[in-house]
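Residue strings, one per chain:
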Amino acid sequence: MVLDSFRLDGRVALVTGGNRGIGQALATALAQAGADVALLGRGDPGGTVARVAALGRRTLVVHTDLATATPNELADAVATVTANLGGLDILVNNAGTIRRADAADHSPDDWDAVLRVNLDAVFHLSRAAGRHMLPRGAGKIINIASMLSFQGGIRVPSYTAAKHAVVGLTRALANEWAARGVNVNAIAPGYIATDNTAPLRADVDRERAIRERIPAGRWGDPDDLTGAAVFLASDAARYVHGAVLPVDGGWLAR
């Protein structure tokens with residue numbers, strides 16, 4: 001049955017930034033589909049752990065600050081997951097940060113901070129996961145891109161640069177790893193109601209301008225991304241490589 005190909009029973013997923021928002025929604029959805037879930041980040045993911053545990057799935061918390069972790073420390077984090085949960089089948093590079101400032105005033109520290117979390121950590125975790133997945137000939141890596149993977153944005157040069165690069169990295173890894181059984185794809189969320197977009201939603205004029213441009217007529221909710229994530233993590237997407245799936249309420253179609 002085709003629906004069986006969407007099941008994730010017996011698989012292990014690692015989700016970064018899974019303590020709230022999009023990460024929490026994705027981690028919960030993967031557990032609903034049958035996966036055990038490890039959560040990597042610096043925050044307290046207690047709420048997500050409770051959701052996953054309530055579904056009867058195993059959980060593991062790996063406390064790691066992506067803003068400061070070295071490549072070796074990120075590789076160790078992946079090794080911790082494989083040692084404690086018995087493997088790693090799915091990596092979701094969700095964690096992200098944003099710094100808003102006019103480009104002329106965007107500080108080098110802000111630039112470096114955003115690139116470390118939104119790009120460097122994505123590569124180093126993917127590389128570590130790939131080293132585990134490639135010898136097995138199976139695995140799924142899902143990167144969280146953005147509408148700003150396609151557009152320039154306003155007052156977010158480091159975020160835009162990182163999210164463009166995430167798409168390029170997704171395609172580069174897919175080119176290398178598709179024939180070896182590892183699927184690397186990305187989801188590009190539209191305007192989702194999260195902490196990162198709180199300043200936009202607090203600006204009455206900006207919020208209205210964004211909402212009126214979305215064909216669906218509303219901001220997205222983190223749960224709107226869960227179907228795409230389960231699909232890309234599952235055998236139903238076994239022939240999907242290097243894709244960037246927009247979940248944007250029709251924003252890019254406008």
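Residues numbered from 1 in each chain as written. Predicted model: local features only at pLDDT ≥ 70, side-chain atom pairs only at ≥ 80, totals over all residues. Heavy atoms only, no water.

## Things to note about the overall build of the protein chain
In step 1: Counting secondary structure elements, the protein chain contains eight helices and seven strands.
In step 2: Its C-alpha atoms give the protein chain a radius of gyration of 17 Å, near enough to 18 Å, the size a compact globule of 254 residues would have.
In step 3: In the protein chain, 70% of the contacts between residues at least 6 apart in sequence involve partners at least 24 apart.
In step 4: Element-wise, carbon and sulfur atoms account for 50% of the exposed surface of the protein chain, whose accessible area totals about 11200 Å².
In step 5: A gap of 4 Å separates the mean positions of the 26 positive and 25 negative side-chain charges of the protein chain. (Helix = DSSP H or I, 4+ residues; strand = E, 2+ residues; numbered from the N terminus. Rg over C-alpha atoms; globule rule 2.2 N^0.38 Å. Contact = heavy atoms within 4.5 Å. Areas by Shrake-Rupley, 256 points an atom, 1.4 Å probe, with all protein chains shown as cover. Lys, Arg positive; Asp, Glu negative; His and termini not counted. Charge placed at Lys NZ, Arg CZ, Asp CG, Glu CD.)

## Side note on the pairing of strand 3 (residues 59-63)
In step 1: The side-chain alternation of strand 3 yields one buried face, formed by Leu-60 and Val-62, and one unburied face, formed by Thr-59, Val-61 and His-63.
In step 2: Pairing analysis gives five bridges linking strand 2 (residues 36-41) to strand 3, with the strands arranged parallel. Each residue of the ladder has a partner; that of Val-37, found in strand 3, is Thr-59.
In step 3: As for the winding sense of the linkage, the β-α-β connection from strand 2 through helix 2 (residues 46-54) to strand 3 is right-handed. (Buried < 20%, exposed > 50% of the residue type's maximum accessible area, 1.4 Å probe, protein only. Pairing = 2+ DSSP bridges. Right-handed = clockwise from strand over helix to strand, strands pointing away.)

## Some details on the nonpolar core
In step 1: Within the largest apolar cluster, 31 residues are counted, with the highest numbers of intra-cluster contacts made by Leu-14, Leu-66, Val-81, Leu-88 and Ile-141.
In step 2: Put simply, the parts of the chain that give this core at least two residues each are strand 1 (12-16), strand 2, strand 3, helix 3 (71-85), helix 4 (108-133), helix 5 (157-177) and strand 6 (182-189).
In step 3: Ala-29, Ala-35, Leu-225 and Val-247 belong to the second-largest nonpolar core, a separate cluster that totals 28 residues. (Core = buried A, V, L, I, M, F, W, Y, C linked by side-chain atoms within 4.5 Å.)

## Considering helix 5
In step 1: Taking 1.5 Å per residue, 21 residues should reach 30 Å; helix 5 reaches 30 Å between its end C-alpha atoms and fits that length.
In step 2: Those residues of helix 5 that fall on the buried side of the exposure criterion are Ser-158, Tyr-159, Thr-160, Ala-162, Lys-163, Val-166, Val-167, Leu-169, Thr-170, Leu-173, Ala-174 and Trp-177.
In step 3: In this structure, the buried side of helix 5 is in contact with helix 4, strand 5 (139-144), strand 6 and strand 7 (244-247). (Expected span 1.5 Å × (residues − 1).)

## Some details on the environment of Arg-99
In step 1: Relative to the elements of secondary structure, Arg-99 occurs in the loop between strand 4 (90-93) and helix 4.
In step 2: Here Arg-99 falls in the partly exposed class, since its relative accessible area comes to 32%.
In step 3: Separated by 11 residues in sequence, Arg-99 and Asp-110 place their C-alpha atoms 6.3 Å apart.
In step 4: In this structure Arg-99 touches His-106, Asp-110, Ala-113, Val-114, Arg-155, Val-156 and Ser-158, once residues within four positions along its chain are discounted.
In step 5: Side chain to side chain, Arg-99 and Asp-110 meet in a polar contact 2.6 Å long. (Polar contact = N/O pair within 3.5 Å; in protein donor to acceptor, adjacent residues only side chain to side chain.)

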